[in-house]
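Understanding the architecture of this molecule
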Amino acid sequence: MTPPLRLTLLAALSLAALTASTLPASAGTDPWVRAWGENTQGQLGNGSVLAQQTPAAVLGITRDDVRELSGGGGGAAAAANPFAVALLKDGTVKSWGSNATGQLGNGTLVAQSFPATVAGLSGVSEVSAGLNHALAVKGGRVLAWGSNASKQLGTGQDTTNPYRAPIPVQSLDKVKDVGAGCDFSVALRQDGTVWTWGKGDNGRLGTGNNTTRETPQKVPDLVDVESVAVGCDHVLALTADGVVKSWGKGAEGQLGNDSTADSSKPVDVAYLDAVARVFATSASGFAVLDDGSLAGWGKNTDRQLGDGTNANRTTPVVLDHLKGVQSISGGADFTVAALDDGSVIGWGANAAAQLGDGTTSGTTGTSTVTALPPNSGITHVATTVTGKSAFAY
């Protein structure tokens, strides 16, 4: 591409972003994936690096295009590496944002503020973005790229770091889902077993010790798992009988077992029955119960649990005022949720406009704010792992 043509294309993309960001985001008429909050590395995908106080369109990606979107990295600090990956319904993957550790998978270390296709990836069924690496499932096999500093890419004895393009994870097949955390990785196989690799600090691999692993290891004594949710340093697993297991860091109560101790083996999240879905935010957990009610536990210093306090919770507390939750995600100090009426709400800290309501005021009590109104067509939300950027699709 000649330089004048490239400049013309970038100008057109920026104009499209500006135009799309001013469109009304209601009544289901706006087709775009939306993003807001911090944007220092272009992680909002709108063609700029300017912070966004209200939901703006991600360039060139409609909600109908996307099967799954995952935010990675952290906040505004230079080493935070915020980025995002999106799995499209045609099985291809797009990425954008920081690329300091090769986490965009595009063969370079150059950041980009708009989505671009990850070359060579097709037939993908799942994706997940971690602190500085990403995972994808293709034909039951796991591919990984980005930082390998803690062996989170699962390449065995290979010490190459970083990997700028997807490579196979060793020794795993028949994988149905993956989760990338802070320097470690999790895979759920079709047989209901869970496998982990990468950094072992705080017991986050669930293998009974704090040892870092170069290749996937099976989490002992854990069977019939239906879904996994991965936070920064902890993991939640929902079993077929509706029990939620947890392991990893426990300092903020994120294991939900009435303790603040780490656990290198799965423990039961207390006082939960008939759980339909689980979600892990950076250092908290949420469960949607069969009756539609919501419970939360873990870090709450910025009111990100929404229980009316700023006290960490070591066991789940029912959040009676939050109904109809379809999807939840949260970064360092805030939480956002997609409701069954197509709206997006948020609560917690808001200094970086991460709640998307056009202000920088955090919530108080059990109040929430609205980022996108009812009938916006939203069914899912995502956030960067430990940062202050959010996505809705």
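Predicted model, so just to flag it, every value in this text is computed and none were measured.

The strand order across the open sheet built from four strands is β2-β1-β28-β27, with neighbouring strands paired in antiparallel fashion. Single-partner strands in this sheet number two, and they are β2 (52-62) and β27 (381-383). On average, each strand axis in the sheet is tilted by 25° relative to the strand beside it, whichever way the strands run. The sheet contact formed by strand β1 (residues 32-37) and β2 spans four bridges and is antiparallel. Bridging from a neighbouring strand, A35 pairs with A56 of β2.

Take the pattern of salt bridges next. By the definition in use, this model includes 10 salt bridges. The residue D233 makes a salt bridge to R204 at a minimum N-O spacing of 3.2 Å. Of this pair, D233 sits in the loop between β15 (225-230) and β16 (234-239) while R204 sits in the loop between β13 (194-198) and β14 (213-218), and the two are 29 residues apart along the sequence. As far as the burial class goes, D233 and R204 line up, both buried. In this structure, a network of salt bridges that share partners links the residues D173, R189 and D191.

Below, the discussion takes up the state of the cysteines. Within the structure shown, the criterion is met by one disulfide. Each sulfur in the disulfide pair C182 and C232 lies 2.0 Å from the other. Looking down the S-S bond of the C182 and C232 bridge, the torsion is -110°, so its handedness is left-handed. You can see C182 sitting in the loop between β11 (175-180) and β12 (184-189) and its partner C232 sitting in the loop between β15 and β16, a full 50 residues away along the chain. In terms of burial, C182 and C232 fall into one category: buried.

Okay, the nonpolar core next. Counting 15 residues, the largest nonpolar core has L135, V142, L172, V175, V178, A187 and W197 as its most contacted members. Contributing elements (two or more residues each) for this core: β8 (133-138), β9 (141-146), β10 (163-168), β11 and β13. Considering each element in turn, this core owes the most residues, three residues, to β11.

Looking now at the sheet that holds strand β5 (residues 93-97). Within the open sheet, the four strands sit side by side as β3-β4-β5-β6. Their pairing is antiparallel. Edge positions in the sheet fall to β3 (66-72) and β6 (112-117), since each has one partner strand and no second. For this sheet the average axis-to-axis angle between neighbouring strands, irrespective of direction, equals 15°. Pairing of β5 with β6 involves three bridges; the strand directions are antiparallel. Looking at the pairing, G97 lines up with Q112 of β6.

Overall, the prediction assigns the chain a mean pLDDT of 93, with 92% of residues at 70 or greater. Long-range and interchain partners of residues 1-27, a stretch whose pLDDT sits below 50, account for 30 contacts in this model, where long-range means more than four residues apart.

A separate point is the packing of aromatic side chains. Inspection of the entire model under this criterion finds two aromatic pairs. Measuring from centroid to centroid gives 6.4 Å for W96 and F391, while their planes differ by 70°, and the two rings are edge-to-face. Pair noted here: W96 is in strand β5 and F391 is in strand β28 (residues 389-392), with a separation of 295 residues, a long-range link. Classification of F391 as buried rests on a relative accessible area of 0%. Note on F286 and W347: the rings are 6.4 Å apart at their centroids and 80° apart in plane angle, and the pair reads as edge-to-face. A residue pair is termed long-range when its members are at least 10 positions apart, and F286 in strand β20 (residues 284-289) and W347 in strand β25 (residues 344-348) qualify at 61 residues.

Reading the values: the criteria
Residues numbered from 1 in each chain as written. Predicted model: local features only at pLDDT ≥ 70, side-chain atom pairs only at ≥ 80, totals over all residues. Heavy atoms only, no water. Pairing = 2+ DSSP bridges. Helix = DSSP H or I, 4+ residues; strand = E, 2+ residues; numbered from the N terminus. Axes fitted to C-alpha atoms, helices over the stretch in contact; angles between N-to-C directions. Salt bridge = Lys/Arg side-chain N within 4 Å of Asp/Glu carboxyl O. Buried < 20%, exposed > 50% of the residue type's maximum accessible area, 1.4 Å probe, protein only. Disulfide = S-S within 2.5 Å. Core = buried A, V, L, I, M, F, W, Y, C linked by side-chain atoms within 4.5 Å. pLDDT = per-residue confidence, 0-100. Contact = heavy atoms within 4.5 Å. Phe/Tyr/Trp six-rings, centres within 6.5 Å; stacked < 30°, edge-to-face > 60°.

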